[in-house]
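Chain and residue survey
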Amino acid sequence: MLELVNISKKFKQTYAVKNMNMFMERGEIVGLLGPNGAGKSTAISIMSSLVEPTAGEVYFDNRSILKNPTSFRKVAGIVPQEIALYEDLTAEENLRFFGRIYQIKGKQLQKRIEDVLQIIGLADRKKEVVKTYSGGMKRRLNIGVALLHEPELLIMDEPTVGIDAQSRKYILETVKQLNKEMNVTILYTSHYMEEVEYLCNRIYIMDKGNLIAAGTKEEINRILSGEKSIVIKASHLTNPFIYELKTYPLVNSVDVMDKQITVMVSKEVNLFKDLIAMADEANIELISVNIKTPTLEDVFLHLTGRALRD
Amino acid sequence: MTAILLAKLKHLLRNPWAFLGFTGICIVFALIMGLTGFESRSSVPIVIADEEVTGSSILTTLNDEESISFKEVEEDALIQSVKEGKAEVGAILNKDTYELIVGVESTTVSSVDNMIRQAYTEYGQRQKIIEHIGDLKQTENALQKEIDEASKNPVFSVTTSNFTTDQTMMYDPIYQYVFGFGLFFVIYTVAYNVLPMLIEKQEGVWDRLILSPVKKWKMYAGNMIYSFCIGYLQVLIIFSFFYFVFGVDFNGKFPETLLLLIPYVFTIVALSILLTAIVKNSQQFNAFITILAVCMAMVGGAYWPIEIVESNFLIAISKINPLTYGMEILHGVVNYGYSLEELFYPVSILLLMGTVMIGVGIHLMERRHI
Ligand SMILES: Nc1ncnc2c1ncn2[C@@H]1O[C@H](COP(=O)(O)OP(=O)(O)O)[C@@H](O)[C@H]1O
Ligand SMILES: [Mg+2]
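Quantities reported herein were computed from a predicted structural model and do not represent experimental measurements. (Residues numbered from 1 in each chain as written. Chains lettered and ligands numbered in written order. Predicted model: local features only at pLDDT ≥ 70, side-chain atom pairs only at ≥ 80, totals over all residues. Heavy atoms only, no water.)

Considering the interface of chain B and chain A
Taken together, the 22 residues of chain B in the interface contact 27 residues of chain A. Together, the buried faces of chain B and chain A total about 2200 Å²; carbon and sulfur atoms form 62% of this surface. Ranking the residues of chain B by area buried against chain A places Arg14, Arg208 and Leu211 of chain B at the top, with a combined share of 34%. Where chain B packs against chain A, one counts 1 salt bridge. With a shortest N-O distance of 2.7 Å, Arg14 of chain B and Glu93 of chain A are connected by a salt bridge. Elements represented by at least two residues in the side of chain B that touches chain A include exactly helix H1 (2–14), helix H8 (173–203) and helix H9 (205–211) of chain B. Of the residues assigned to the side of chain B that touches chain A, the class counts are 10 nonpolar, 6 polar and 6 charged. (Contact = heavy atoms within 4.5 Å. Buried area = accessible area lost by both parts, 1.4 Å probe. Salt bridge = Lys/Arg side-chain N within 4 Å of Asp/Glu carboxyl O. Helix = DSSP H or I, 4+ residues; strand = E, 2+ residues; numbered from the N terminus. Nonpolar A, V, L, I, M, F, W, Y, C, P; charged D, E, K, R; others polar.)

This is the structure:
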């Protein structure tokens, strides 16, 4: 359905997106994951035909959207990262305005407005001015506006940043529902691992403009398959201790963050006793040691040496 | 495009205060300045203490003064108004002498003193001449001739001049203030209504419109038409207020005046578009427009008549200032009775400036993709 081929975008000297390849099939929910500044929004602007890439092509049903954006725009809905609404209009008025802009008229417009309000759960607050909404309600309306013209493809740029848990849950459910019941293909961007893990079949992980991993959830997890992570928290850390860990024969990798160390080892390895001994020797007081199967978060940590959230 | 205009209109109806505020302030300023302008030009109260003064040349001489009007009042009223500071100075006219009642020493006082002294001197001269030649039984006519002759070739003469009596700038100051403040405040109103375009671009509303089937020129046109209308509405309200409520008659050129405001408001819309394209964010825009508007007003003759600006540099600057032409057009049509050809020049400069600024502005915005 949508395909990015060797997309790059350069701002002055630096690449915001570098050589990105990506595809989406009809009916999928695809996740685009990356920390702030990874280049997600830039990639989205390019694939929604708002920004021209420095190099590369974007195809929608095998036709270039750069050369011919109109037919693509008709069936694509974009949820921008910013709240792009008129703050002093009500939810209903916002929807009516954008509906008119999309040349939906009369009874049909009224019906679409009602439907969308239903989907985003703002029907009972539709007469209130957006200014007075909570962050979560604004986010929901921000999504609603993109749904007015019944898009086949919905591109969402971090639709859950800065909102309460309840709204977040509501949005995640809405996304699932749109995909299941209305067969909308969705690109879901986030820097929250668990959202992407919950929603998406296939995932792309970006960092500093580069795609660092791509595949189904299982494929990505397989990057660390056969491994488990041991998360160690200590009162303080010393270099000899870390060195010791890193050079320990059975350890695959070590990532240090603040007073927390994540050690990757093969599944069958039991490091517990040795770990305690090493800590003892280095005079380090352990606060906790957790052993778990790796998550996407660990994958990211493993690939970049940094945590996803800063 | 209708949808865009409707949304903007709703926005205005929900937040009318900035618009009403600017309009109100403008009217109040023009009113205060215009009225105080009248006061200082006119009204020196006089008391006539001797019957003989009434029919004499003293009064006629004083009444001929252009820069100050002498009004006859009762003695009590005179003292009262000097006391309260309504008049800087008053005069009591006797047969041979006069008395000045001075509230504050000022240039007005000395020029009033001069005027009255001169009136008395002339009167005295006439009296003397009549006395001297009375015996010779000359006819009144001949006498008059002689006096005229004498005044044409005086023994010594004093030339007085000050700028308020300068003939080229003699018009009712109320126009200066109505035009000046009107054109000044409309810059803010227009600019603050173009600004949302910048904000919408930053917040993504603009992108939403770009993704929709709406044509881009319609998006620009909708914004510009709205800003124009709101700016024009403001000057319309202000000028109508003075026309209908205060009876300022624009020398019978009210419809023409309103019509000729169009090119100016258009150019201000264009200027705001250009500014939007140059600045990075709305804070910069606000800072810029505040400074720019004040500079334009000072250099363009909104606060004081452009004629008193003497620096060549400022005059050069004023030539690229839309406000200069706006003022020229308004003064031209109302106070100087410009012909169509004479108006054509400033009008076409404004339209040209406007077109260029819109062109450059939109081009810059599109290229920077903001
Ligand atoms: N218009 C722009 N001009 C210059 N640099 C930009 C611009 N937009 C984004 N960038 C840079 O590109 C990088 C990626 O930004 P962005 O795509 O917004 O990341 P994300 O959405 O993943 O947080 C950042 O370093 C950002 O500073
Ligand atoms: Mg982003």
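After that view, the rundown keeps rolling.
Some thoughts on the coordination of the magnesium ion (ligand 2)
Ideal geometry at a metal centre gives angles of 109.5 degrees when four donors are arranged tetrahedrally and 90 or 180 degrees when six donors are arranged octahedrally. Residue and element names in this part refer to chain A. Around the magnesium ion (ligand 2), the protein supplies Ser41 (OG) and Gln81 (OE1) as donor atoms, at distances of 2.0 to 2.1 Å. Placement of the pair is Ser41 in helix H1 (residues 40–47) and Gln81 in the loop between strand E6 (76–79) and helix H3 (91–101), with a sequence separation of 40 residues. Overall, Gln81 belongs to the partly exposed group, its relative accessible area being 27%. (Donors = N, O, S within 2.8 Å, 3.2 Å for Na, K, Ca; no water. Buried < 20%, exposed > 50% of the residue type's maximum accessible area, 1.4 Å probe, protein only.)

A closer look at the packing of helix H9 (residues 239–247) of chain A against helix H10 (residues 272–281) of chain A
For any two helices packed against each other, the geometry is given by the interaxial angle and the distance between the axes. Residue and element names in this part refer to chain A. Put simply, H9 and H10 touch, their axes get as near as 10 Å, and they point 150 degrees apart. Taken as axis vectors, H9 and H10 run roughly antiparallel relative to one another. Read as a crossing pair, H9 and H10 show a hand that is right-handed. Where H9 approaches H10, its residues Phe241, Glu244 and Leu245 are matched on the opposing element by Leu275, Met278 and Ala279. Taken together, the residues of the contact of H9 with H10 sort by class into 5 nonpolar, no polar and 1 charged. (Axes fitted to C-alpha atoms, helices over the stretch in contact; angles between N-to-C directions. Parallel < 35°, antiparallel > 145°, perpendicular 65-115°, else oblique. Left-handed = near helix turned anticlockwise from the far one by under 90°.)

Concerning the packing of aromatic side chains
By the definition in use, this model includes 33 aromatic pairs over all chains. On the numbers, 5.1 Å between centres and 65 degrees between planes, the contact of Phe184 of chain B with Phe185 of chain B is edge-to-face. Residues Phe241 of chain B and Phe242 of chain B carry aromatic rings whose centres are separated by 6.5 Å and whose planes lie at 80 degrees to one another, so their mutual orientation is edge-to-face. Members of the aromatic cluster, each reached through a chain of ring pairs, are Phe22, Phe29, Tyr177, Phe181, Phe184, Phe185, Tyr188, Tyr192 and Tyr303 of chain B. Over the ring of Tyr192 of chain A we find Arg168 of chain A; its NZ or CZ atom is 4.4 Å from the centre of that ring. The ring of Tyr198 of chain A has Lys176 of chain A sitting right over it, with the charged end atom 3.9 Å from the ring centre. (Phe/Tyr/Trp six-rings, centres within 6.5 Å; stacked < 30°, edge-to-face > 60°. Lys NZ or Arg CZ within 6 Å of the ring centre and 35° of its normal.)

Details of the UniProt feature "transmembrane region" (unreviewed entry) in chain B
Residues and elements named next belong to chain B. According to UniProt, the positions carrying the feature "transmembrane region" (unreviewed entry) are residues 12–35, 174–199, 220–246, 258–278, 285–304 and 343–365. The span residues 12–35 shows a helical share of 92% and a strand share of 0%, and its end C-alpha atoms are spaced 32 Å apart. Overall, residues 174–199 shows 100% helix and 0% strand. The separation of its end C-alpha atoms is 38 Å. (UniProt positions renumbered as here; feature names shortened; annotations may be inferred.)

Notes on the pairing of strand E12 (residues 251–257) of chain A
Residues and elements named next belong to chain A. Inspection of the sheet shows E12 paired to strand E13 (residues 260–266) by 6 bridges, in the antiparallel sense. When the bridges of E13 are listed, Val254 appears paired with Val263. Counting the residues that bridge the hairpin from E12 to E13 gives 2 residues, and of these Asp258 lies at a positive phi of roughly 50 degrees. (Pairing = 2+ DSSP bridges.)

A look at the pattern of salt bridges
Residues and elements named next belong to chain A. Inspection of the entire model under this criterion finds 20 salt bridges over all chains. Linking Lys126 and Glu114 is a salt bridge whose minimum nitrogen-to-oxygen distance equals 3.7 Å. Of this pair, Lys126 sits in the loop between helix H4 (106–120) and helix H5 (135–147) while Glu114 sits in helix H4, and the two are 12 residues apart along the sequence. Judged by its relative accessible area of 19%, Lys126 falls in the buried class.

Brief notes about the nonpolar core
Core analysis: the biggest nonpolar cluster contains 159 residues, and Met47 and Tyr188 of chain A together with Phe239 of chain B have the highest contact counts within it. For this core, the leading source of residues is H8 of chain B, giving 18 residues. Not counting residues within four places of it along the chain, the set of residues in contact with Met47 of chain A comprises Leu2, Leu4, Met22, Val58, Ile65, Phe72, Ile155 and Leu187 of chain A. Of all hydrophobic cores here, the second largest spans 19 residues; its members include Ile48, Ala91, Ile116 and Tyr120 of chain B. (Core = buried A, V, L, I, M, F, W, Y, C linked by side-chain atoms within 4.5 Å.)

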